[in-house]
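Each chain, written out:
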Amino acid sequence: MSCAIVEKTLYLIFSDDTILKLQGAREICRLTKSSLRYRRQFSDAVKPLVDMLRSASFESNEAALLALLNLSVKDEGNKKSIIDAGALEPIIGFLQSENASLQEHATASLLTLSASSVTKPILSSFGVIPLLVDILRRGCPQAKVDSIITLYNLSTSQGNLTLILQTEPIPSIVSLLKSSKKSSKTAEKCTALLESLMSYEECRKALTSEEGGILAIVEVLEIGSLQSREHAVGALLTMCQSDRCKYRELILREGVIPGLLELTVKGTAKSKEKSQTLLRLLRDAPYERSQLQPDTLENIVSNLISQIDGKEQTGKARGLLAEVIQVSMDQSLRLLHQRAMVCTPVDLSVSGGASTISST
């Protein structure tokens, strides 16, 4: 039955009749939506579908785009075939279309294609990065979401981060982050891209120039997903490490301490390490140790709490500090217990006597 359906659908897509081709494209889109097996079986349909992208018919363009989008999901062979067949040129054209549907489908197609390490440099060589940033500025909501994920995917390929930097993307990324739910995938990709871009002074300057830019990152640090919070603290840490004097007050002003304290207890391993490092940089004298006050996390945070304005923030910070201290004590007790369990008793003979002393 499956083979018969594939043969019939391929017959339609290879037909010279426009109506039959349209029917075939829609059928491929339907069958490949959730089936890896059908994606493989319809790999021969890539070329006629790419040809449909060049049609003057909106219906043909849309049906072909959606079919190619589904064919490329989790199929590296189809991704390569789609690019080799010349699909990028018309897809890029749709990115600049006034038609919101075509723009949205084209952005989604590039998102899927950008998931492959092989295709990332090819996409950037076709000049898609400035167009994707332009989508961030003026695109429809779903296209903006797909664009930020695509830009993040491309940023992981060597040289692409510099190309993204050249488009002055910070205002658009911050705008999307501010409008997004802080626990969403969109916020995660925004903060991930910002973390990478904070390595550049022009991007740090652009972020601080955006009203609520640092605050948006702090909000992700407080209520984002675990991965988002890791990226958020990484972005702030990169800023502070680059120029503590310039960015320390700007970061403290947005009420970052409670979120950092919580991360030292509940974050990922990287988040815990980064948040502790950032807390040390944010205190008054990060490079001086008092003999009376050892350089412990508790003392660092106590120093920072004394600088916080506002009863609500101070109260929350003190509560979290108590939790940090309790967790630290619990961890120390567990470590002592583990050491006691693994140590092997050593018999020490007492000279001149028959008894022995057992030591752990």
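Every value quoted in this text rests on a predicted model; they were computed, and no experiment measured them.

A. Looking closely at the overall build of the protein chain. Secondary structure summary: the protein chain contains 22 helices and two strands in total. Residue burial in the protein chain is summarised as follows: out of 360 residues, 48% are buried. Residue pairs in contact within the protein chain that sit at least 24 positions apart in sequence constitute 66% of those at least 6 positions apart. With an accessible surface of roughly 18100 Å², the protein chain has 52% of that area assigned to carbon and sulfur atoms.

B. Geometry of the environment of Leu113. You can see Leu113 is positioned in helix α8 (residues 100-113). Sequence separation between Leu113 and Leu88 is 25 residues; the distance between their C-alpha atoms is 9.9 Å. Those residues in contact with Leu113 that lie beyond four places of it in its chain are Ser72, Lys79, Leu88, Thr119 and Leu123.

C. Inspection of the packing of aromatic side chains at higher detail. Under the defined criterion, the tally for this structure stands at one aromatic pair. The ring of Tyr38 is capped by Arg37, whose NZ or CZ atom sits 5.0 Å from the centre of that ring.

D. Here's a closer look at the pattern of salt bridges. A full pass over the atoms with the stated rule returns 15 salt bridges. The closest approach of N and O atoms between Glu201 and Lys246, which form a salt bridge, is 3.2 Å. Here Glu201, found in helix α15 (residues 201-209), pairs with Lys246, found in helix α18 (residues 244-253); they are 45 residues apart in sequence, far enough to count as distant. Exposure remark for Glu201: the relative accessible area of 30% places this residue in the partly exposed category. Looking at Lys246, the relative accessible area reads 41%, which means it is partly exposed. Residues Glu262 and Arg229 are paired through a salt bridge, measuring 4.0 Å at the closest nitrogen-oxygen approach. With Glu262 in helix α19 (residues 257-266) and Arg229 in helix α17 (residues 226-242), this residue pair connects regions lying 33 residues apart in the sequence.

E. Region of the structure containing the side chain of Asn61. Among the secondary structure elements, Asn61 is positioned in helix α5 (residues 58-72). A distance of 3.1 Å separates a polar atom in the side chain of Asn61 from the backbone oxygen of Met52. Residues in contact with Asn61, not counting those within four places in the same chain, are Met52, Leu53, Arg54, Ser55, Phe94 and Leu102.

F. Examining unusual backbone geometry more closely. Positive phi is not limited to glycine here, since Lys74 has a value of about 55 degrees. Examined against the element boundaries, Lys74 turns out to sit in the loop between α5 and α6 (76-84). On the accessibility criterion, Lys74 (70% relative accessible area) is exposed. At Glu168, a residue that is not glycine, the phi angle is positive and equals roughly 50 degrees. Among the secondary structure elements, Glu168 is positioned in the loop between α12 (160-165) and α13 (170-179).

Each value, and the rule that gives it
- Per chain, residues are indexed from 1 in the order of the written sequence.
- The predicted origin of the model limits local features to residues at a pLDDT of at least 70 and limits the giving and counting of side-chain atom pairs to 80 or more, whereas totals for whole chains, interfaces and linings rest on all residues.
- As a convention, hydrogens and water are excluded, and side-chain values are obtained from all of the structure's heavy atoms.
- Each helix is a run of DSSP H or I of at least 4 residues and each strand a run of E of at least 2, with the numbering of both proceeding from the N terminus.
- Think of it in three bands: with a 1.4 Å probe and only protein chains considered, a residue is buried below 20% of the maximum accessible area for its type, exposed above 50%, and partly exposed in between.
- The contact criterion used throughout is that any non-hydrogen atoms of two residues lie within 4.5 Å.
- Accessible surface is estimated by sampling points in the Shrake-Rupley manner with a 1.4 Å probe; for residues, cover comes only from the protein chains shown.
- Classification of ring pairs uses Phe, Tyr and Trp, with its six-membered ring standing for Trp, and accepts pairs whose centres are within 6.5 Å; under 30 degrees between planes counts as stacked, over 60 as edge-to-face, and the remaining range as tilted.
- We call a charge positioned over a ring when the NZ of a Lys or the CZ of an Arg lies within 6 Å of the ring centre and within 35 degrees of the ring normal.
- Salt bridges are defined as contacts in which a side-chain nitrogen from Lys or Arg sits within 4 Å of a carboxyl oxygen from Asp or Glu.
- Two N or O atoms form a polar contact when they lie within 3.5 Å of each other; inside protein one atom must be a possible hydrogen donor and the other a possible acceptor, and for residues adjacent in sequence the pair counts only when both atoms belong to side chains.

Remember, this is a structural readout, not a statement about activity or role.
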